[in-house]
Amino acid sequence: MNRCSIYIAASVACAFCAGLLLGLHKVDFTVAAAIAAIIFAAIAVRYTRRQRQSVELMLGAVRNHDTTLRLHGDGSVIDDQLNEIAEILHDVRRQAYESECTYSTIFNRISAAVLVVDNAGFVRMVNNAALRLFGVEVMPHLDTLARIDPRLPILLGNATHGSRINFSLPPSAELVITTTLEEIAGEPMKIFLADNIGAELQQAETESWVKLTRVLIHEITNSLTPIVSIARTLTDEHALSQEHQRGIDTIGLTARNLMEFVESFRTFSHTPKARPEPIELLPFLTGQVEAARTTIPAGIRISLSVKPRDLMIYADPGMTARVITNIINNAAAALTDSETGSVKDGAEITINASCDDAENVLIDIANNGEQISTDNTSRIFTPFFSTRSNGQGIGLALCKQLMRAQSATITLLPYTHSPLTTFRLTFP
């Protein structure tokens, strides 16, 4: 029997006793009614107080976000209903938590960078892609982006609904940021979606250069082949004067040199397929350094650091070695006077291999030679562009091709990162 039934039974019993006393003429009617009223009032107050305590206890638990509380009292109807409400709230909260976990997982797995910002510039939500893109661990406010570029927080702060912002981030990120204004929980918010289209642009540009190079190679080769053949025929079948012979020889030599020059571009337009395998970096890079010391001027010092010492990459050994050799040779050229051949005082090439927070393996190859001008930093990977008068402009473009074939990247780090000219190889 629950407490409510007990209260009712006690009330009936008291009323019966009062009626019995009244029937036996022990008390008059007024006294009997008063006794019954007092007893009823006491029982009602006690019952009401008990139910109020139950309600207050449950409300307190709900206010403290505790939906696990259950009432184990007298089994009254109110207690049962309160427990049922608590059960419903518990299920709702569990479902909300599961939905939030699912949403958070999806939100952080989106490849595009997403930021949700209030009117004061505070970042309410940010996904992992945004933190990686902007190179920060936390982003409490848009002003955090000022360390990357002071213009960026201003542009985002002034952005309007539907606006599209194009922004370049060093070393090679080309951002397209779209803005949406939404009201979330009654508060206006700006939602920024940033995509890095730099890789796609570079790939499209490289593919265009490759197609153009193949066409040029075909056309130039077809034009030079008969010239070489005719020069050889004239020399073999006709007795020519010394002057004519010298002219024919010059034509043939020039044509052959041009064909050799064109042949050097075939490697750029026909990148072989990568055959990746596990590579232990310390012995691999040590071998590259030893080989480089035999080809670069003796006055250039090369230092190597690999941390941790058992660091490994999964890459094509031949392609990777070719890229490293090319960058070291370029660094040596930057440290050497092109006219006198003398080496700059304190000339040094440093090679540092490490692992970043995203578990990418980084190989930084730096030199303390003359810095690349700002006008040229965005063009150094462009085919046929060279900062040296005798350069063909294929080396770094080919390096980018070879790295992309391995699903890796090569970038020139901005001089805000270091005063050294640093090329970074990134292996996922």
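Residues numbered from 1 in each chain as written. Predicted model: local features only at pLDDT ≥ 70, side-chain atom pairs only at ≥ 80, totals over all residues. Heavy atoms only, no water.

(A) Layout of a nonpolar patch on the surface. Side chains of Val62, Ile85 and Leu89 sit close together on the surface and give an oily, nonpolar patch of about 220 Å² of accessible area. Here Leu89 lies in helix α3 (residues 77–109). (Patch = residues over 30% accessible without salt bridge, like charges linked within 9 Å, V, L, I, M, F, W, Y side chains within 5 Å. Areas by Shrake-Rupley, 256 points an atom, 1.4 Å probe, with all protein chains shown as cover. Salt bridge = Lys/Arg side-chain N within 4 Å of Asp/Glu carboxyl O. Helix = DSSP H or I, 4+ residues; strand = E, 2+ residues; numbered from the N terminus.)

(B) Just the sheet that holds strand β7 (residues 301–306), in detail. Read across the sheet, five strands follow the order β7-β9-β10-β12-β11 without closing on themselves; strand pairing throughout is mixed. Lying at the two open borders of the sheet, with one neighbouring strand each, are β7 and β11 (409–412). For this sheet, the mean inter-axis angle between neighbouring strands, taken without regard to orientation, is 15 degrees. The sheet contact formed by strand β10 (residues 361–367) and strand β12 (residues 421–427) spans seven bridges and is antiparallel. Bridged to Val361 within β12 is Phe427. (Pairing = 2+ DSSP bridges. Axes fitted to C-alpha atoms, helices over the stretch in contact; angles between N-to-C directions.)

(C) Region of the structure containing the nonpolar core. In this structure, Leu281, Ile349, Ile410, Leu425 and Phe427 are the most contacted members of the largest nonpolar core, which totals 44 residues. In terms of residue count, the dominant contributor to this core is helix α10 (residues 317–334) (eight residues). Sequence-distant contacts of Leu281, that is, excluding residues within four places in its chain, are made with Thr286, Val306, Leu311, Met312, Ile313, Ala353, Val361 and Ile363. Counting residues in hydrophobic clusters, the runner-up holds 21 residues, among them Val123, Ala130, Phe192 and Ala194. (Core = buried A, V, L, I, M, F, W, Y, C linked by side-chain atoms within 4.5 Å. Buried < 20%, exposed > 50% of the residue type's maximum accessible area, 1.4 Å probe, protein only. Contact = heavy atoms within 4.5 Å.)

(D) Structural view of helix α9 (residues 281–293). Given a rise of 1.5 Å per residue, 13 residues ought to cover 18 Å, and the 18 Å separating the end C-alpha atoms of α9 matches this to within 8%. All buried positions along α9 are accounted for by Leu281, Phe284, Leu285, Gln288, Val289 and Ala292. Buried residues of α9 fall within an arc of 135 degrees about the axis and therefore sit on the same side. Those residues of α9 that are buried are in contact with β6 (277–280), β7, β8 (312–315), α10, β9 (348–355) and β10. (Expected span 1.5 Å × (residues − 1). Arc of directions from axis to C-beta.)

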